[in-house]
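Residues per chain are reported as follows:
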Amino acid sequence: MPEEFFTEKSKDAVKICDDVYWVGAIDYKIRDFHGYFTPHGTTYNAYLILGDEPILIDTVKRGFFGEMLSRISSVVEPEEIKYIVALHSELDHSGSLPAILKIAKHARVIASEKCQEFLKLHHHNLNLQVLTVEDGTTLKIGNMTCTFLNASMLHWPDNTMLFLHERGILFSSDAFGQHLATRERFSDQVSNDVVMYEAKKYYANIISRYAAVVTKKLNDLLSRNFNIEIIAPAHGVIWRGDLKGILDAYLKWSNGVPEKKAVVVYDTMWGSTARMAHAIASGIMSKGVKVKVFNLRSTDRSEVLTEVLDACAIVVGSPTLNNTMFPTVADFLTYLKGFKLKNKIGAAFGSYGWSGEAPKEVLDILKSMGFEVIEPPLRTKYVPSEEDLAKCQEFGTKISDMVLSKTA
Ligand code: FEO
């Protein structure tokens, strides 16, 4: 529902369970989250634990301070907040820290050493009274018991999680988040397909770069035998009910097990590379391998990456423009390179006029990423003939055979 239909009451805190409230903000308008396309907006989740000593967990992006304050004020006088936990210094979560500290003047900030270091570099001249926590630190705050867990590199080096023992809530910071702006606050209130797609997209674009760390941290978390009933991330809806789906998905994604699936991604100038892309895709499909085809002019790189995450093969097509690859393809490959994906097959193709450097350039980049590449790349001069399209189909069949043998 559009934001303008909201009543004032919608700026109230949302109760998660006894003594715990969501006091964050909903950003319906954001479409670019540091290079990640967010067609459904996002939320900045802040939480309030109203035990004997009120604890605020994280804040919101600076422009949303009023919304957070309104929600806090609906359940407690903001001046009464005794502690503010900073799980992560990135500005979507710490942007309103200076403003809330002007009101909750005596609140003590709780943060890891790394988070403090980063907070000081984001908020110059902020005089923080900080209580430092380390991995495994347990604090008894009034009638609430909080254990802090190092979640370094899930997304930045300073990410921390907090487990609230009395309520079984894991405040997971960036992990398990989704960029999804909805009035609903819980995973069981929205379509499972929607929330799992957004969680996967978020994992691919925000978390996956350090997949090995994710596996280790998740196993470490699960080995602590905490009775986790709710996972409250920094973005999107709060996970409750059956948590196995999201936990298993994280383990699967971080283990990098490829599916019988290929992604064909391309740009095209006069439609020739597009025709090659679809002929290659039909060759891949002929043996039962799933294929997703994307034109980079109509699909954002963050959405392509979401499908690349669990694909076994990535097939990249580029026409040659001015003796090099097409700019959108270079953009996509630069983005892809940052994620250090493993265990993938790479292939390249493209139509050209007279020099035709692009497919080889693309293949060299895929090779430099450690992909098992198919050589030589497939090229077509100008418009593909029926014979050329048959070669594309054959190329697709070869990719399919490799996928099947890798995923057998
Ligand atoms: Fe939503 Fe890494 O911050």
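Along each chain, residue indices are assigned from 1 in the same order as the chain's sequence is written. Given that this is a predicted model, residues contribute local features only at a pLDDT of at least 70 and side-chain atom pairs are listed and counted only at 80 or more, while totals for whole chains, interfaces and linings are drawn from all residues. To obtain the side-chain values, all non-hydrogen atoms of the structure were used and water was disregarded.

Q: Would you explain the overall build of the protein chain in this entry?
A: Helix and strand labels come from DSSP, where a helix needs a run of H or I of at least four residues and a strand needs a run of E of at least two; each type is numbered from the N terminus. The helix and strand tally for the protein chain stands at 12 helices and 25 strands. In terms of overall dimensions, the protein chain has a C-alpha envelope of 75 × 40 × 40 Å along the principal axes. Looking at the 408 residues of the protein chain, the share that counts as buried comes to 58%. Only carbon and sulfur atoms are counted for the fraction: they give 52% of the accessible area of the protein chain, which is about 17100 Å². Relative accessibility under 20% of the residue-type maximum defines a buried residue, over 50% an exposed one, and the middle range a partly exposed one, all with a 1.4 Å probe and only protein chains included. Computed by Shrake-Rupley with a 1.4 Å probe, the accessible areas treat only the displayed protein chains as cover when residues are assessed.

Q: Whenever I open this one, helix α11 (residues 358-368) confuses me. Can you help?
A: Since the α-helix packs 3.6 residues into each turn, any two residues three or four apart lie on the same face. Considered for burial, the residues of α11 that qualify are A358, P359, V362, L363 and L366. Along α11, the residues classed as buried sweep out an arc of 130° about the axis, all on the same side. Looking at the residues trailing α11, positive phi occurs at G370, about 90°. Throughout, the arc means that of the directions going from the helix axis to the C-beta atoms.

Q: So what exactly am I meant to see when it comes to the pattern of salt bridges here?
A: If the charged atoms of two oppositely charged side chains come close together, the side chains can form a pair. Take a side-chain nitrogen of Lys or Arg and a carboxyl oxygen of Asp or Glu: if they are within 4 Å of each other, that pair is a salt bridge. Inspection of every chain in the model, using the stated rule, returns 20 salt bridges. Between D19 and R167 there is a salt bridge; the shortest N-O distance is 2.4 Å. With a gap of 148 residues between them, D19 in the loop between β1 (14-17) and β2 (20-22) and R167 in the loop between β14 (160-164) and β15 (169-173) connect regions that are remote in the sequence. You can call D19 partly exposed: its relative accessible area is 25%. Residue K360 pairs with D364 through a salt bridge whose shortest N-O separation is 2.9 Å. Linking K360 with D364, this pair stays in helix α11, spanning four residues, or about one helical turn. Here D364 falls in the partly exposed class, since its relative accessible area comes to 34%. A single salt-bridge network, built from bridges that share partners, covers K200, K261, E307 and D310.

Q: Just checking my understanding: could you explain the confidence of the model for the protein chain for this structure?
A: Low pLDDT means the predicted atomic positions in that stretch should not be read closely. Of the residues in the protein chain, 98% have a pLDDT of 70 or more, and the chain-wide mean is 96. Taken together, the stretch residues 4-8 has pLDDT below 50 and engages in five contacts with residues farther than four places along the chain or on a different chain. Residue-level confidence of the predictor, termed pLDDT, takes values from 0 up to 100. Contacts are assigned to residue pairs that have any heavy atoms within 4.5 Å of one another.

Q: Would you mind showing me how to read the nonpolar core here?
A: One broad rule of soluble globular proteins: the nonpolar side chains tend to lie buried together. Here, nonpolar core means buried Ala, Val, Leu, Ile, Met, Phe, Trp, Tyr and Cys residues that are tied together by side-chain atoms lying within 4.5 Å of each other. Counting residues in each nonpolar core, the largest one holds 91 residues, and the members touching the most others are L56, F176, Y250, L333 and L336. If one sorts the elements of this core by residue count, helix α5 (residues 192-207) sits on top with eight residues. Of the domains in this structure, domain 1 (14-254) and domain 2 (263-403) are the two that each give at least three residues to this core. Apart from the residues within four sequence positions on either side, L56 is in contact with V23, A46, Y47, L48, M68, I72, I81, Y83, I84, V85 and I100. Core analysis: the second largest hydrophobic core is formed by 29 residues, I57, V133, L139 and M144 among them. Per the annotation, domain bounds derive from an automatic or database assignment of domains.

Q: Is there a simple way to explain the sheet that holds strand β8 (residues 55-57) in this structure?
A: Strands belonging to one sheet form pairs held by backbone hydrogen bonds; the direction of such a pair is parallel or antiparallel. With respect to topology, seven strands assemble into an open sheet ordered β1-β2-β7-β8-β9-β10-β11, the strand pairing being mixed. The open sheet has two free edges, formed respectively by β1 and β11 (130-133), since each of these has just one partner strand. Recorded for the sheet is a direction-independent mean angle of 25° between the axes of neighbouring strands. In this analysis, strands are considered paired if DSSP registers two or more bridges between them. Examined bridge by bridge, β2 and strand β7 (residues 47-49) share three bridges and lie antiparallel to one another. Across the sheet, Y21 pairs through a bridge with L48, a residue of β7. To obtain each axis, a line is fitted to C-alpha atoms, and for helices this fit is confined to the stretch in contact; angles are then taken between N-to-C directions over 0 to 180 degrees. Contacts from helix α4 (residues 113-122) reach β10 (108-112) and β11, with the element oriented near 115° to β10.

Q: Is there a simple way to explain the domain arrangement of the protein chain in this structure?
A: Put simply, an interface is often sized by how much accessible area is lost when its parts join up. Split into domains, the protein chain comes out as domain 1 (14-254) and domain 2 (263-403). Placing a centre on the C-alpha atoms of domain 1 and another on those of domain 2 gives a separation of 38 Å. At the interface, 14 residues of domain 1 touch 13 residues of domain 2. Surface buried jointly by domain 1 and domain 2 totals about 1300 Å² across both partners, of which 52% is contributed by carbon and sulfur atoms. The largest per-residue losses of area from domain 1 upon contact with domain 2 belong to K200, N205 and R209, which jointly make up 42% of the total buried on that side. A salt bridge links K201 to E303; its shortest N-O distance comes to 3.3 Å. Here a polar contact is recorded for every N or O atom pair within 3.5 Å, except that within protein the pair must consist of a potential hydrogen donor and a potential acceptor, and residues adjacent in sequence are included only if both atoms are side-chain atoms. Summed over the shared surface of domain 1 and domain 2, the number is seven residue pairs in polar contact (both at pLDDT 80 or more). Here the side of domain 1 that touches domain 2 is built from residues that sort into seven nonpolar, three polar and four charged. Throughout, the accessible surface (probe 1.4 Å) given up by two parts as they are put together, summed over both, is called the buried area. Charged residues are taken to be Asp, Glu, Lys and Arg, nonpolar residues to be Ala, Val, Leu, Ile, Met, Phe, Trp, Tyr, Cys and Pro, and polar residues to be all remaining types, Gly included.

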